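# What the coordinates show
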Amino acid sequence: MNIYVLVKRTFDTEEKLVVSGGQIQEDGAEFIINPYDEYAIEEAITVRDAHGGEVTVVTIGDEEAEKQLRTALAMGADKAVLINTEDDVEEMDQFTAAYILAEYLKDKEADLILAGNVAIDGGSGQVGPRVADLLDINYVTTITSLEIEGETVKIVRDIEGDAEELETSLPLLVTAQQGLNEPRYPSLPGIMKAKKKPLEELELDDLDIDEEDVEAKTETIEVYLPPKKEAGRILEGEIPSQVSELVSLLRSEAKVI
Amino acid sequence: MSKKVLVLGETREGALRNVSFEAIAAAKKISGGGEVVAVLLGESVSDFGNELVAYGADRVITVEHPHLKSYTSDGYGQAFMAVVDQEQPEAIVFGHTAVGKDLSPKIASKLQTGLISDVTDIEGEGDDAVFIRPIYSGKAFEKVKLKEDGVVFVTVRPNNIAPLEREERSGDVSSLSVDITNLRTIIKNVVRKSAEGVDLSEAKVIIAGGRGVKSKEGFEPLQELADLLGGAVGASRGACDADYCDYSLQIGQTGKVVTPDLYIAAGISGAIQHMAGMSNSKVIVAINKDPEANIFKVADYGIVGDLFDVIPLLTEEFKKVM
């Protein structure tokens, strides 16, 4: 089976955000594989181990993203592709990313494409379904279970807490929700092997893409931090009197009940 | 320039969802005095048309088909695109719901336009509208607009944009017949795991439990309080990992992002990933035995104490005044 995983390098969520000049400062911050993409990588490896084939992880970014690709290879992916847009694309949005990925994937005859259901930085959740639409293949988002039997694919997906059971067929794009699996940590031998696995680097030229074709459709005007919250009030006294004070505060001061 | 705006109306358990009324309010702003046209897709949905008009839609188009009984991106995609072809809208608004999240990228892709998802506020009106959305799990915000001419397409996060006042108004409710074919996904079954009635992402009140809840049974007093206040029960990842509750209740960076009017965190220490899912709630109450717990840093009100003492007392106290 020909399996592709779309991954994104993201800011580690434990990091403190610093905004200056209307942009998030990334200098010195730790970066990780988007956590939802880790579920996608794990599932791809599981499917390959059960059905045979090859897992290719693909990302768009600059050379820094090689580290996250190596991590995916160390987990067990077979090949990695870095589409380096550093010199060609100044501003990227979901349209841009989906267009580039679809151009890369269009002649790959992928049976299964996996991605995270959302990236924890931008949080749009668009790129997977957009890629599927451009490739004219079916997609299922926020999946928590995947079973492939011949051409039939049985899926459970999370819909706002409820579990929807469905059937579809390959080729298919799915996006991973938490609960799909427990992503493995790269083992030491895995890390050693990953160093020798193929990592291909492409630029827009290699994909016959014009910069104008991928110009972002949306524009970020400003990035800012939420206003600092004032320290809250820790109530005092016996618990029962704190409770009745709380109820009256919620009703009269906060006016939420 | 005033715009014609399409809004996708959504139903859940036989009633329109609040987020659809909020989406109409957003559409009004974007329209800048233009027309707001609500769209209802389903097997039998025309009865809901007038309610969308009462909340501000100028007219309603319904597409009814047996293949639209359950949501599929193919079925809804074909139906919605048929409405787009007929109406040629200048803007589209969906709720940022399971359906909205799944369908909007497909429609945006077909229209080759930008999509601004998970919008929590709109500044300005009409052509000047600028959209505010949380990024980095709510740790920052960005203001976004469409770069060039094209269909303005946004999804709005539930519970953030106030709906318009409901008033009796008249507006045309018409139906469009669409041939829905070639569905690649077959829905077999939906297993209800969420609590009846109140949906976590739309709840005005959430009582959330963490590791401090200690067991499955420990959630019972929380549920009782939630029921009393017409709210929903949520949980931290810690509580889900410990198997005290289903992952469908998880609030946080992985899990749901919620913005209720009142969020009561019981026995939750306040890991940064949990805060990402709830820190934009309007009022936060923290109940924790540990006075050093992180959750107190984002709380408006805090009680240092055992949740099993505090929550039942809270329920009793609310019963007295409600």
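All values derive from a computational prediction rather than experimental measurement.

Thresholds applied
- Residues numbered from 1 in each chain as written.
- Chains lettered and ligands numbered in written order.
- Predicted model: local features only at pLDDT ≥ 70, side-chain atom pairs only at ≥ 80, totals over all residues.
- Heavy atoms only, no water.
- Helix = DSSP H or I, 4+ residues; strand = E, 2+ residues; numbered from the N terminus.
- Contact = heavy atoms within 4.5 Å.
- Areas by Shrake-Rupley, 256 points an atom, 1.4 Å probe, with all protein chains shown as cover.
- Lys, Arg positive; Asp, Glu negative; His and termini not counted.
- Charge placed at Lys NZ, Arg CZ, Asp CG, Glu CD.
- Buried < 20%, exposed > 50% of the residue type's maximum accessible area, 1.4 Å probe, protein only.
- Phe/Tyr/Trp six-rings, centres within 6.5 Å; stacked < 30°, edge-to-face > 60°.
- Lys NZ or Arg CZ within 6 Å of the ring centre and 35° of its normal.
- Pairing = 2+ DSSP bridges.
- Axes fitted to C-alpha atoms, helices over the stretch in contact; angles between N-to-C directions.
- Buried area = accessible area lost by both parts, 1.4 Å probe.
- Salt bridge = Lys/Arg side-chain N within 4 Å of Asp/Glu carboxyl O.
- Polar contact = N/O pair within 3.5 Å; in protein donor to acceptor, adjacent residues only side chain to side chain.
- Domains from an automatic or database assignment.

### Quick notes on the overall build of chain B
Helix and strand counts for chain B stand at 9 helices and 18 strands. C-alpha atoms of chain B, sized along the principal axes, occupy 60 × 40 × 40 Å. Residue pairs at least 24 apart in sequence account for 64% of intrachain contacts in chain B once pairs closer than 6 positions are excluded. Accessible area for chain B stands at about 12200 Å²; split by element, carbon and sulfur atoms hold 46% of it. Between the mean site of the 34 positive side-chain charges and the mean site of the 46 negative ones, chain B shows a separation of 5 Å.

### A closer look at the overall build of chain A
Of regular secondary structure, chain A possesses 6 helices and 15 strands. The principal-axis extents of the C-alpha atoms in chain A amount to approximately 65 × 45 × 40 Å. Scored against the burial criterion, the 257 residues of chain A give a buried share of 53%. Pairs at least 24 apart in sequence give 69% of the contacts found in chain A among residues at least 6 apart. Looking at chain A as shown, the accessible area adds up to about 11800 Å², and 44% of this sits on carbon and sulfur atoms. Averaging the locations of the 23 positively and 58 negatively charged side chains of chain A gives two centres separated by 6 Å.

### Describing the packing of aromatic side chains
The tally for this structure, following the rule as stated, stands at 10 aromatic pairs over all chains. Between the aromatic rings of Tyr224(A) and Phe141(B), the centroid separation amounts to 5.9 Å while the plane-to-plane angle is 20°, which identifies the pairing as stacked. Taken together, the residues Tyr224(A) in strand S14 (residues 218–224) and Phe141(B) in strand S10 (residues 140–146) connect one chain to another. Classification of Phe141(B) by relative accessible area gives buried; the value is 11%. Taken together through their ring pairs, the aromatic side chains of Phe11(A), Phe31(A) and Tyr136(B) make up a single cluster. Of note, Arg9(A) hangs over the ring of Phe31(A), and the distance from its end group to the ring centre comes to 3.8 Å. Against the face of Phe95(A) rests Lys217(A), its NZ or CZ located 4.7 Å from the ring centre.

### Some details on the sheet that holds S10(B)
Taken in spatial order, the 4 strands of this open sheet run S14(A)-S10(B)-S9(B)-S8(B), and their pairing is antiparallel. The open sheet has two edge strands, S14 of chain A together with strand S8 (121–123) of chain B, and neither has a second partner. Averaged over neighbouring strand pairs, the angle between their axes works out to 30° when direction is ignored. Bridge count for S14(A) against S10(B) is 6 bridges, and the pairing is antiparallel. From the neighbouring strand, Thr220(A) faces S10(B), where its bridge partner is Val144(B).

### Some details on the environment of Val304(B)
Here Val304(B) is to be found in strand S18 (residues 301–304). On the accessibility criterion, Val304(B) (30% relative accessible area) is partly exposed. Separated by 28 residues in the primary sequence, Val304(B) and Ala276(B) place their C-alpha atoms 22 Å from one another. Excluding residues within four positions of it along the chain, Val304(B) makes contact with Ile234(A), Ile239(A), Gln242(A), Asn288(B), Lys289(B), Pro291(B) and Phe296(B).

### Describing the interface of chain A and chain B
Facing the 72 residues of chain A at the interface are 86 residues of chain B. Between chain A and chain B lies a buried interface of about 7000 Å² when both sides are counted; carbon and sulfur atoms form 53% of it. At the boundary of chain A with chain B, the tally comes to 9 salt bridges. A salt bridge links Glu160(A) to Arg17(B), with the shortest nitrogen-to-oxygen separation between them at 3.0 Å. One can count 36 residue pairs in polar contact (both at pLDDT 80 or more) joining chain A with chain B.

### Let's talk about the domain arrangement of chain B
All names here are of chain B. Domains assigned within chain B are domain 1 (4–175) and domain 2 (200–321). For domain 1 versus domain 2, the distance between C-alpha centres works out to 31 Å. Each partner contributes to the interface: domain 1 provides 11 residues, whereas domain 2 provides 12 residues. Between domain 1 and domain 2 the total buried area reaches about 990 Å² when both faces are included, carbon and sulfur atoms providing 33% of it. On the domain 1 side of the contact with domain 2, Ser-137, Arg-157 and Asn-159 bury the most area, a combined 55% of that side's loss. Inspection of the domain 1/domain 2 interface yields 1 salt bridge.

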